[in-house]
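Residue strings, one per chain:
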Amino acid sequence: MFQYSTLEALLGGVYDGEVTVGELLTHGDFGLGTFNSLDGEMIILGGVCYQLRSDGSARVASDTEQTPFAAVTHFRPQSTSVVDTPMTYHQLDSLVSEHIPSPNLTYAIQITGHFSTVRTRTVARQVKPYPSLAEAAQGQAEATFTDIEGTLAGYLSPSYEQGITVAGYHLHFLNRDHTLGGHCLDFTLTTGAVEIETITALHLSFPRSGAFLTTPMPAGAAVDQQIRKAEGGGSSPGS
């Protein structure tokens, strides 16, 4: 997996990065992140990068758009589980646990099918001077999609990566028509499939200029608390 910058940097308000979407796609065809100024959520599927806006809409991002944080991989799932009875976000972990070798590795997860509900949120574009991520998230726009087909994509990361990324589950949603989506807060999958890839290597790339070099980064328990507040917990709801 290739990752640019860290969640701690976002927590500190570092919302401008140097890496373009075009460069990001040379490192992978699957992933998630955000855009400069926190201008929407990012989801990458099949080598195409989509920008999920605060009004719930989605569009293909241009190669020149830049990101302050993103993580991509070349998605090659090693296991596929068919879901033919309703499965909630709470129940996802039980299924995933049966198909992964260890809680200490990172996993790329793609869930595709028909959803009775998907609840999302997307932070609106921020203006300077940038607030902290927790403050920006207070103005997030939430949306609930019902009776919809689409894909959830993202990662399950181990607890020791909290701050580098989001420990636990971090999933973004895009509907089948590629017109709607956002950061997933909750879902119920009616029928579909869950694909999992085990990731055993991480290339972490840091910004070489700008606010990243001078911004104080949060540390200790504050990191976990702020990520849970800003990202919806970094795991399935209620866990």
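In what follows, the structure referred to is the one given above.
Residues numbered from 1 in each chain as written. Predicted model: local features only at pLDDT ≥ 70, side-chain atom pairs only at ≥ 80, totals over all residues. Heavy atoms only, no water.

### Some remarks on the sheet that holds strand 8 (residues 70-73)
Ordered in space as 6-5-4-3-8-1-15, the seven strands form an open sheet in which the pairing is mixed. Each edge of the open sheet carries a strand with a single partner, namely strand 6 (58-60) and strand 15 (203-205). Across this sheet, the average inter-strand angle for adjacent strands is 20 degrees, counted without regard to direction. With four bridges joining them, strand 3 (residues 30-34) and strand 8 adopt antiparallel strand pairing. Paired with G31 across the strands is V72, a residue of strand 8. (Pairing = 2+ DSSP bridges. Helix = DSSP H or I, 4+ residues; strand = E, 2+ residues; numbered from the N terminus. Axes fitted to C-alpha atoms, helices over the stretch in contact; angles between N-to-C directions.)

### Notes on helix 3 (residues 89-97)
All buried positions along helix 3 are accounted for by Y89, L92, L95 and V96. Buried residues in helix 3, looked at end-on, bunch into an arc of 95 degrees, giving them a common side. Buried positions along helix 3 lie against strand 9 (79-83), strand 10 (87-88), strand 11 (106-122), strand 12 (141-157), strand 13 (168-175) and strand 14 (181-199). (Buried < 20%, exposed > 50% of the residue type's maximum accessible area, 1.4 Å probe, protein only. Arc of directions from axis to C-beta. Contact = heavy atoms within 4.5 Å.)

### A closer look at the pairing of strand 5 (residues 48-52)
Burial analysis of strand 5 places four of its five residues in the buried class, the great majority of the element. As paired elements, strand 4 (residues 41-45) and strand 5 share five bridges and run antiparallel to each other. Considered in strand 5, the bridge of I44 is made with C49. Connecting strand 4 to the antiparallel partner strand 5 that follows it, the hairpin turn spans two residues, and G46 within it adopts a positive phi of roughly 60 degrees. Here strand 5 runs beside strand 6; their pairing, made up of three bridges, is antiparallel. Across the sheet, the residue bridging to Q51 is R59, located in strand 6. What sits between strand 5 and strand 6 in their antiparallel hairpin is a turn of five residues, with G56 showing a positive phi close to 90 degrees.

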